[in-house]
Amino acid sequence: AEKEVAGHPHAYSSWALSHSMLGDLAAAEKVAMQAVERCPTPFWVHPLQRPSHFLPQLYSSPWHRVEDFPWMKKLEDHWQEILAELRQ
């Protein structure tokens, strides 16, 4: 199966998820490491971080700068209103 999925991110994603669901976490991590090594960027950058959804313009980082996302300022400015709406 390795030869068939080399370089295809979504195949690795499904393959790793299948191992995880079967309880074989070591195999899931091995598949994820292959994805890290073989897939074009952007994709997983660490075998223990395997998101199932991808945004090509969003790079992998533990923190992002607010300046990179102009819409964040509006959310920050209105957080109290958003919280009040959630509590309704």
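Everything that follows concerns the structure shown earlier in this document.
Predicted model only: the values in this text are computed from it and were never measured.

*Asks:* What am I meant to see in the overall build of the protein here?
*Replies:* Across its full length, the protein holds five helices and zero strands. Going from N to C terminus, the protein has its helices and strands arranged as α-α-α-α-α. If you take every contact in the protein between residues at least 6 apart in sequence, the share linking residues at least 24 apart comes to 27%. Put simply, the protein shows about 7,200 Å² of open surface, and 60% of that area lies on carbon and sulfur atoms.

*Asks:* Explain the nonpolar core here, please?
*Replies:* One broad trend across soluble globular proteins is that nonpolar side chains are buried collectively. Core analysis: the biggest nonpolar cluster contains eight residues, these being Tyr12, Ala16, Val31, Ala32, Ala35, Cys39, Phe43 and Trp44. Within the residue set of this core, elements represented by two or more residues are helix H2 (9–21) and helix H3 (25–38). Dropping the residues within four chain positions of it, Val31 is found in contact with Tyr12, Trp15, Ala16 and His19.

*Asks:* Looking at this structure, I do not really get the packing of H2 against H3. What am I missing?
*Replies:* Geometrically, a packed helix pair is captured by the angle between its two axes and the distance between the axes. Running from N to C, H2 and H3 point in directions that differ by 165°, and their axes come no closer than 7 Å. Regarding the angle of H2 to H3, the classification is roughly antiparallel. Read as a crossing pair, H2 and H3 show a hand that is left-handed. Touching Tyr12, Trp15, Ala16, His19 and Ser20 of H2 are Leu25, Ala27, Ala28, Val31, Gln34, Ala35 and Arg38, all from H3. Taken together, the residues of the contact of H2 with H3 break down into eight nonpolar, three polar and one charged.

*Asks:* How should a nonpolar patch on the surface be read in this particular structure?
*Replies:* On the surface, Trp71, Leu75, Ile82 and Leu86 cluster together to form a nonpolar patch covering roughly 430 Å² of accessible area. Those elements that place two or more of their residues in the nonpolar patch are helix H4 (71–77) and helix H5 (79–87). Counting through the fold element by element, Leu86 comes out in helix H5. You can call Leu86 exposed: its relative accessible area is 67%.

*Asks:* Hey, could you run me through H3 in this one?
*Replies:* Every α-helical turn comprises 3.6 residues, leaving residues that sit three or four positions apart pointing alike. An ideal rise of 1.5 Å per residue puts 20 Å on 14 residues; H3 measures up with 20 Å between its terminal C-alpha atoms. What H3 keeps buried is the set Ala27, Ala28, Val31, Ala32, Gln34 and Ala35. Across the axial projection of H3, the buried residues extend over an arc of 155°, all falling on one side. Exposed residues pointing more than 90 degrees away from the buried face of H3 are listed as Leu25, Ala26, Lys30 and Glu37.

*Asks:* Teacher, can you tell me more about the packing of aromatic side chains here?
*Replies:* How two aromatic rings sit relative to each other is given by the distance of their centres and the angle of their planes. On inspection of all chains with the given rule, the structure shows two aromatic pairs. Ring plane angle 65° and centroid distance 6.0 Å describe the contact between Phe69 and Trp71, whose orientation is recorded as edge-to-face. Of the residues examined, Trp71 reaches a relative accessible area of 51% and is grouped as exposed.

The rules behind these values
- Residues numbered from 1 in each chain as written.
- Predicted model: local features only at pLDDT ≥ 70, side-chain atom pairs only at ≥ 80, totals over all residues.
- Heavy atoms only, no water.
- Helix = DSSP H or I, 4+ residues; strand = E, 2+ residues; numbered from the N terminus.
- Contact = heavy atoms within 4.5 Å.
- Areas by Shrake-Rupley, 256 points an atom, 1.4 Å probe, with all protein chains shown as cover.
- Core = buried A, V, L, I, M, F, W, Y, C linked by side-chain atoms within 4.5 Å.
- Buried < 20%, exposed > 50% of the residue type's maximum accessible area, 1.4 Å probe, protein only.
- Axes fitted to C-alpha atoms, helices over the stretch in contact; angles between N-to-C directions.
- Parallel < 35°, antiparallel > 145°, perpendicular 65-115°, else oblique.
- Left-handed = near helix turned anticlockwise from the far one by under 90°.
- Nonpolar A, V, L, I, M, F, W, Y, C, P; charged D, E, K, R; others polar.
- Patch = residues over 30% accessible without salt bridge, like charges linked within 9 Å, V, L, I, M, F, W, Y side chains within 5 Å.
- Salt bridge = Lys/Arg side-chain N within 4 Å of Asp/Glu carboxyl O.
- Expected span 1.5 Å × (residues − 1).
- Arc of directions from axis to C-beta.
- Phe/Tyr/Trp six-rings, centres within 6.5 Å; stacked < 30°, edge-to-face > 60°.

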